[in-house]
Protein chains: 2
Amino acid sequence: MTLYETLANHLKEHIQQGFFPVGSKLPSVRQLSHEHSVSLSTVQEAYRQLELEGMVEAKPKSGYFVRKIEIRTPLPTTTRPPQRPMEVSQWEEVLNLLLCKSESGFLQLQHAMPDMESSSLKPLLKKLGDLSRHRPDLGLPYGDIRGSEELREQLARLAVASGCLLHPDDLVVTSGCQEALSVCLRAVTQPGDIVAIESPSFYGSMQAIKAANLKTMEIPTHSEDGLSLEALELALDQWPIKAILITPTCNNPMGYSLSEAKKERLYKLAQSYDISIIEDDVYGDISYDFPRPKSIKSFDEDGRVLLCSSFSKSVAPGLRVGWIAPGRYRDKVTHIKYVSSSMCPTLPQIAMADFIKTGGYERHVRRMRLQYQQGRDHFLDAIQTYLPKGTRVSYPKGGFVLWVELNDNIDVAKLAIMGRECKINIAPGMLFSSTGKYRNCMRLNFSDQSIADRENGVRKLAYVINKYSKQYS
Amino acid sequence: MTLYETLANHLKEHIQQGFFPVGSKLPSVRQLSHEHSVSLSTVQEAYRQLELEGMVEAKPKSGYFVRKIEIRTPLPTTTRPPQRPMEVSQWEEVLNLLLCKSESGFLQLQHAMPDMESSSLKPLLKKLGDLSRHRPDLGLPYGDIRGSEELREQLARLAVASGCLLHPDDLVVTSGCQEALSVCLRAVTQPGDIVAIESPSFYGSMQAIKAANLKTMEIPTHSEDGLSLEALELALDQWPIKAILITPTCNNPMGYSLSEAKKERLYKLAQSYDISIIEDDVYGDISYDFPRPKSIKSFDEDGRVLLCSSFSKSVAPGLRVGWIAPGRYRDKVTHIKYVSSSMCPTLPQIAMADFIKTGGYERHVRRMRLQYQQGRDHFLDAIQTYLPKGTRVSYPKGGFVLWVELNDNIDVAKLAIMGRECKINIAPGMLFSSTGKYRNCMRLNFSDQSIADRENGVRKLAYVINKYSKQYS
Ligand SMILES: Cc1ncc(COP(=O)(O)O)c(C=O)c1O
Ligand SMILES: Cc1ncc(COP(=O)(O)O)c(C=O)c1O
């Protein structure tokens, strides 16, 4: 941890413990610098961090004050998945979601697409257009099966931010994170094996587990701390689990991030049970924290972590540019990637490499990070205001989706149908369980709606829930 | 069969039986029209067909004559693969081929890339450039998981030429034919199953078989008639084979096409043993015959044929646009395609749809067909002229690769290394066997070299073979 982070954490604890009450003035920059023997700029950095997190506010010419903390909607309850390996079902429901057309006039809260209208994407689009026009020759032949070298170089550079030292040859480019996950699952398991996952989990990984003839072992999660390591350890004691597939940073659907300490403990646990970790980092770069949290991969000593990611959430999914840092499974991963779809299209790779190299990616991500954080705050406000009492909602640390738990007696599958009548689409919670649990939950997206649309959407949702309750009670 | 094809076949038989000797004048158009009660244009079409096939030539103002048939290099011997199911090895050798950089000054005979410099590709490239510049919004979101509808409509239209009546919803778009094959294998088998394949076979399919934990049963082939149905039937009697994966039209590496009658018999055989057929049609559209031969899929009555293809050989592999017509396996195929890489990039799909719709694809393919046929004839001439006695070579009916069988005592793996010293790359035969057979064979490409380069290449090859023979005898 850097100095300013240590200081920020220290202050945060004091605030949380009530040492500095809401509205009170915090020690001056000079005073803290003196007390803690750190530079003025370190203190400023620490305050900036707390400001970003919404804990303090700066008042011009008078210093920093503890912000009023809003009464938050309660968090979802800790999940209680079945305590044994399960086959994955729910394909029909997933397919329905995938085939759901984006009809005009509909509020699309169901998908996990980033905002793609930001002007910070312009340099990338220009490069793509230029390449297509002037260098079509680059896009026509088969390219490097591992991915274009320019891109792998830039990916290795980016990885430093998550604490990973990688060589371009430690990377394999894939068709999005979906292919990355699918390839890694096949690389570390045999048909019939059990894979531990978070519960709830992204449906795409669970369907990949199904297609590879594997079983899931769902591990309980808490909507703020993430996966329960205790439950994982219990499961590892009881079942011959081969790997854990986890989205530890800005989780989909919950939005939590495991603390770095917890990531390290998870890694040690995997080491002691000798299982591999497939780490899905697809939302990692749009964590609201800056610098972004470290990945589990950053603790990897023996190559057992296979990091999977893509630019689908940070830039645009249609690019289909993803990658794997496969650790000691590189040869197997290269083989399976080759048979799965041979090489990936070259032009999007070169365009992304250029976008990163020229700083455009960092600028874009910086902007998105802020936008999504504001989106979250606004969305949570609206949910707090309009959704009925008893509603619980997660508090994302990054990304642009959150998890809503409604009253037990609400069946979101039915609610979703009523929602469609009001031109609003949601993702039913049962997609995020291998066995159709979480029937009273849903995942909602807050990436790209206008403030008005979003507020309107939540109001409509409240109306639909109300209508539902009348109809089914 | 159309009238003119019937007539062409009739004439061909008469020529082959020596009824019309080489150099003799053939009956006039008017005479044949009268004799066979067909229109003048039907006769002209039949003669044009025979001309295309190189059997007759038109002499201005005097009519059609039987062409001198060249003494051909002998055909490769019928292959004799192991008569039991095998695990696939050879990955290291395949990887070496895949990673082989295209260094400048090298003659690249090793890969299976089409000519991509043809001006007939211009409309496609223009469309791709225009779309990237003016409609980047189309390329950014997730698209339809089954592939863009425009493209599937055009694919259904194209399929008519191979005798298939398909609805756009009967198609699933993939990242090239490689993904198509991989998905289909997983859709119709369980780990441990046996898949029958032609011997030799495309290495990519065999590696996909390996990655899906399947075994191959290699079936002997003849370089002109293709797969031995008798051998297949024997194998089906002896082993619990689940599916056959076959490239029956312009086979890679041999270049043969199964006759339509044989395709139908193969289908009936699959029906009677209740196995599915994965038909790789990736070279189908660049068959030298026009109209192109029917696919096995065209005989499919009960949906057991899964047709796989792409534009990698007819247009350009870097587009990564492929597809599956999965018959009764559609739901399973959609599932596995989704988990494998989710949807495919949209812009190349729309550009290809436009290229087909506006006639550009047909024009391009027509031109390529002729170019490759001429390339084959020239390549065979050069091989006949320069390669040592005892060399055998296949006689492709389409595509741009052929199979060369050298003297038994030549190890092409070593020859390939010597070749590299002379700046010439070849694909060693053992890649095309699951177990490293065909050590004295190689696959060569004749798609895009200039006449001079190609002739030079064959001369160099002759030099290398000569050097090899001196060194190792
Ligand atoms: C957690 C997670 N992993 C992977 C993916 C798939 O990403 P891609 O579109 O890059 O295949 C998603 C997309 O929804 C996701 O949310
Ligand atoms: C017979 C055959 N099938 C499939 C493929 C793979 O095609 P694609 O590049 O479309 O994945 C090839 C490419 O070499 C091939 O020769």
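The shown structure was predicted, so the numbers you read here are calculated from the model rather than taken from an experiment. (Residues numbered from 1 in each chain as written. Chains lettered and ligands numbered in written order. Predicted model: local features only at pLDDT ≥ 70, side-chain atom pairs only at ≥ 80, totals over all residues. Heavy atoms only, no water.)

## Comments concerning the overall build of chain A
From N to C terminus, chain A includes 16 helices and 16 strands. In summary, chain A has a C-alpha radius of gyration of 23 Å against a globular reference of 23 Å for 473 residues, a match within 12%. Considered along the principal axes of its C-alpha atoms, chain A spans approximately 60 × 60 × 55 Å. A total of 473 residues make up chain A; the buried ones form 60% of that total. The contacts of chain A with a sequence gap of at least 6 include a subset with a gap of at least 24, amounting to 75%. Of the charged side chains in chain A, 58 are positive and 54 negative, and the gap between their average positions amounts to 4 Å. (Helix = DSSP H or I, 4+ residues; strand = E, 2+ residues; numbered from the N terminus. Rg over C-alpha atoms; globule rule 2.2 N^0.38 Å. Buried < 20%, exposed > 50% of the residue type's maximum accessible area, 1.4 Å probe, protein only. Contact = heavy atoms within 4.5 Å. Lys, Arg positive; Asp, Glu negative; His and termini not counted. Charge placed at Lys NZ, Arg CZ, Asp CG, Glu CD.)

## What about the nonpolar core?
Considering soluble globular proteins, one finds that nonpolar side chains tend to be buried as a cluster. Among the nonpolar cores identified, the biggest contains 138 residues, and B:Leu232, B:Leu266, B:Phe311, B:Val315 and B:Met352 are the most heavily contacted of them. Here B:Leu232 is in contact with B:Ala196, B:Ile219, B:Leu227, B:Ile244, B:Leu266 and B:Leu269, once residues within four sequence places are set aside. The next biggest cluster of nonpolar side chains, apart from the first, holds 137 residues, and it includes A:Tyr267, A:Val305, A:Tyr361 and A:Phe432. (Core = buried A, V, L, I, M, F, W, Y, C linked by side-chain atoms within 4.5 Å.)

## With respect to the site of ligand 1
Ligand 1 sits among 14 residues. The nearest are A:Asn252, A:Asp280, A:Ser310, A:Ser312 and B:Tyr142. Chains contributing residues to the immediate surroundings of ligand 1 are chains A and B. Separating an oxygen atom of ligand 1 from a side-chain N or O atom of A:Tyr283 is a distance of 3.5 Å. Between A:Ser310 and ligand 1, the recorded distance is 2.6 Å, taken from a side-chain N or O atom to an oxygen atom. Protein chains bury 98% of the 390 Å² of accessible surface belonging to ligand 1 in isolation. (Near = heavy atom within 4 Å. Polar contact = N/O pair within 3.5 Å; in protein donor to acceptor, adjacent residues only side chain to side chain. Areas by Shrake-Rupley, 256 points an atom, 1.4 Å probe, with all protein chains shown as cover.)

## Considerations on the packing of helix H15 (residues 412-421) of chain A against helix H16 (residues 451-471) of chain A
Residues and elements named next belong to chain A. At a minimum axis separation of 10 Å, H15 and H16 run at an interaxial angle of 125 degrees. By the angle between their directions, the pair H15 and H16 is classed as oblique. Crossing of H15 against H16: the hand is right-handed. For the pair formed by H15 and H16, the contact residues are Lys414, Leu415, Met418, Gly419 and Glu421 on the first element and Val464, Ile465, Lys467, Tyr468 and Gln471 on the second. Tallied by class, the residues present in the contact of H15 with H16 amount to five nonpolar, two polar and three charged. (Axes fitted to C-alpha atoms, helices over the stretch in contact; angles between N-to-C directions. Parallel < 35°, antiparallel > 145°, perpendicular 65-115°, else oblique. Left-handed = near helix turned anticlockwise from the far one by under 90°. Nonpolar A, V, L, I, M, F, W, Y, C, P; charged D, E, K, R; others polar.)

## Side note on the site of ligand 2
Around ligand 2, a shell composed of 14 residues is seen, among which A:Tyr142, B:Asn252, B:Asp280, B:Ser310 and B:Ser312 lie nearest. The environment of ligand 2 is shared, with nearby residues belonging to chains A and B. Between ligand 2 and B:Arg320 there is a distance of 2.9 Å, counted from an oxygen atom to a side-chain nitrogen or oxygen. In the complex, 97% of the free accessible area of ligand 2, which totals 400 Å², lies under the protein chains. In terms of residue count, helix H8 (residues 176-188) of chain B provides more of the shell around ligand 2 than any other element does, four residues in total. Considering only residue class, the shell around ligand 2 consists of six nonpolar, five polar and three charged.

## Some thoughts on the interface of chain A and chain B
With 56 residues of chain A in contact, the opposing surface of chain B contributes 56 residues. Carbon and sulfur atoms supply 66% of the area that chain A and chain B bury against each other, a total of about 4,500 Å² over both sides. When the buried surface of chain A facing chain B is broken down by residue, A:Leu140, A:Tyr142 and A:Tyr338 rank first, second and third, together holding 17% of it. At the boundary of chain A and chain B, one finds zero salt bridges. Along the contact surface separating chain A from chain B lie 19 residue pairs in polar contact (both at pLDDT 80 or more). Among the secondary structure elements, those contributing two or more residues to the side of chain A that touches chain B are helix H4 (91-99), helix H5 (122-134), helix H6 (136-139), helix H8 (176-188), helix H9 (203-211) and helix H12 (330-341) of chain A. The leading source of residues in the side of chain A that touches chain B is H12(A), at seven residues. Tallied by class, residues from the side of chain A that touches chain B come to 30 nonpolar, 17 polar and nine charged. (Buried area = accessible area lost by both parts, 1.4 Å probe. Salt bridge = Lys/Arg side-chain N within 4 Å of Asp/Glu carboxyl O.)

## Some details on the side chain of B:Gln178
On the secondary structure map, B:Gln178 appears in helix H8. For B:Gln178, the residues in contact, after removing those within four places along its chain, are A:Tyr338, A:Val339, A:Ser340, A:Ser341, A:Ser342, B:Phe202, B:Gly204, B:Ala208 and B:Arg320.

## Description of the domain arrangement of chain A
Residues and elements named next belong to chain A. What the domain assignment lists for chain A is domain 1 (3-66), domain 2 (103-116 + 362-472) and domain 3 (121-359). Each of domain 2 and domain 3 was reduced to a C-alpha centroid, and the two centroids are 26 Å apart. Interface of domain 2 and domain 3: buried area, both sides summed, is about 2,800 Å²; carbon and sulfur atoms make up 57% of it. At the boundary of domain 2 and domain 3, one finds zero salt bridges. If you look at where domain 2 meets domain 3, you find 15 residue pairs in polar contact (both at pLDDT 80 or more). No other element matches helix H14 (residues 360-386), which puts nine residues into the side of domain 2 that touches domain 3. Partitioned by chemical class, the residues of the side of domain 2 that touches domain 3 number 17 nonpolar, eight polar and seven charged. (Domains from an automatic or database assignment.)

## Digging into the sheet that holds strand S7 (residues 226-227) of chain B
Residue and element names in this part refer to chain B. One open sheet holds the eight strands; their spatial order is S4-S11-S10-S9-S8-S5-S6-S7, and the pairing between them is mixed. Where the open sheet ends on each side, the last strands, each with one partner, are strand S4 (172-175) and S7. In the sheet, strand S9 (residues 276-280) pairs with strand S10 (residues 305-310) via four bridges, with the strands oriented parallel. In the sheet register, Ile277 faces S10, and the bridge partner there is Val305. (Pairing = 2+ DSSP bridges.)

## Describing the sheet that holds strand S9 (residues 276-280) of chain A
All names here are of chain A. The sheet built from eight strands is open, its strands ordered S4-S11-S10-S9-S8-S5-S6-S7 with mixed pairing. If you trace the sheet from one side to the other, it starts and ends with strand S4 (172-174) and strand S7 (226-227), each paired once. With four bridges connecting them, strand S8 (residues 241-246) and S9 associate as parallel partners. Paired with Ala243 across the strands is Ser276, a residue of S9. The sheet strands contacting H8 are S4, strand S5 (194-199), S8, S9, strand S10 (305-310) and strand S11 (322-325), and the helix crosses S10 at an angle near 160 degrees.

## Side note on the packing of aromatic side chains
Aromatic ring pairs are described here by two measures, namely the spacing of the ring centres and the angle between the planes. All names here are of chain A. In total, this model carries 28 aromatic pairs over all chains according to the counting rule given. Consider the rings of Phe355 and Tyr361, whose centres lie 6.4 Å apart with planes at 75 degrees: the pair is edge-to-face. There is no split in this pair, since Phe355 and Tyr361 are both buried. For the ring pair Trp403 and Tyr438, a centre distance of 5.8 Å and an interplane angle of 80 degrees mean the geometry is edge-to-face. You can see Trp403 sitting in strand S13 (residues 401-405) and its partner Tyr438 sitting in the loop between strand S15 (427-428) and strand S16 (441-445), a full 35 residues away along the chain. With respect to class, Trp403 is no different from Tyr438; both count as buried. Counting every residue linked through ring pairs, the aromatic cluster contains Phe202, Tyr203, Trp403, Phe432 and Tyr438. (Phe/Tyr/Trp six-rings, centres within 6.5 Å; stacked < 30°, edge-to-face > 60°.)

## A look at the relation of the copies chain A and chain B
Both copies of the chain are related through a single rotation about an axis accompanied by a shift along the same axis. Rotating chain A by 180 degrees and translating it 0.1 Å along the rotation axis places it on chain B, where the RMSD comes to 0.3 Å. In symmetry terms, the pair is related by a two-fold rotation axis. Within chain A, A:Gly129 has its C-alpha nearest the rotation axis, a separation of 2.8 Å. Interface overlap between copies: 100% of the residues of chain A at the interface are likewise at the interface in chain B, consistent with a symmetric, same-surface contact. (Least-squares fit on C-alpha atoms with pLDDT ≥ 70 in both.)

## A short note on helix H7 (residues 149-159) of chain A
Since the α-helix advances by 3.6 residues per turn, residues separated by three or four positions end up pointing in the same direction. Taken residue by residue, H7(A) has A:Leu151, A:Arg152, A:Gln154, A:Leu155, A:Ala156 and A:Ala159 as its buried positions. Buried-residue contacts for H7(A) involve S4, S11 and helix H13 (346-357) of chain A.

## A closer look at H13(A)
Residue and element names in this part refer to chain A. With 12 residues, H13 extends 17 Å between its outermost C-alpha atoms, agreeing within 8% with the 16 Å of an ideal straight helix rising 1.5 Å per residue. Elements that come into contact with the buried residues of H13 comprise H5, H6, H7, S4 and H14. A positive backbone phi angle near 85 degrees is found at Gly359, which sits one or two residues after H13. (Expected span 1.5 Å × (residues − 1).)

## Observations regarding the environment of B:Thr73
All names here are of chain B. Tracing the backbone through its elements, the reader meets Thr73 in the loop between strand S2 (63-66) and helix H4 (91-99). Assessed through its relative accessible area of 11%, Thr73 is described here as buried. Taking the C-alpha atoms as reference, Thr73 lies 9.3 Å from Thr385; in sequence the two are 312 residues apart. Discounting chain neighbours no more than four positions away, the residues touching Thr73 are Leu380, Gln384, Thr391, Arg392 and Val393. Side-chain polar atoms of Thr73 contact the side chain of Gln384, separated by 2.7 Å.

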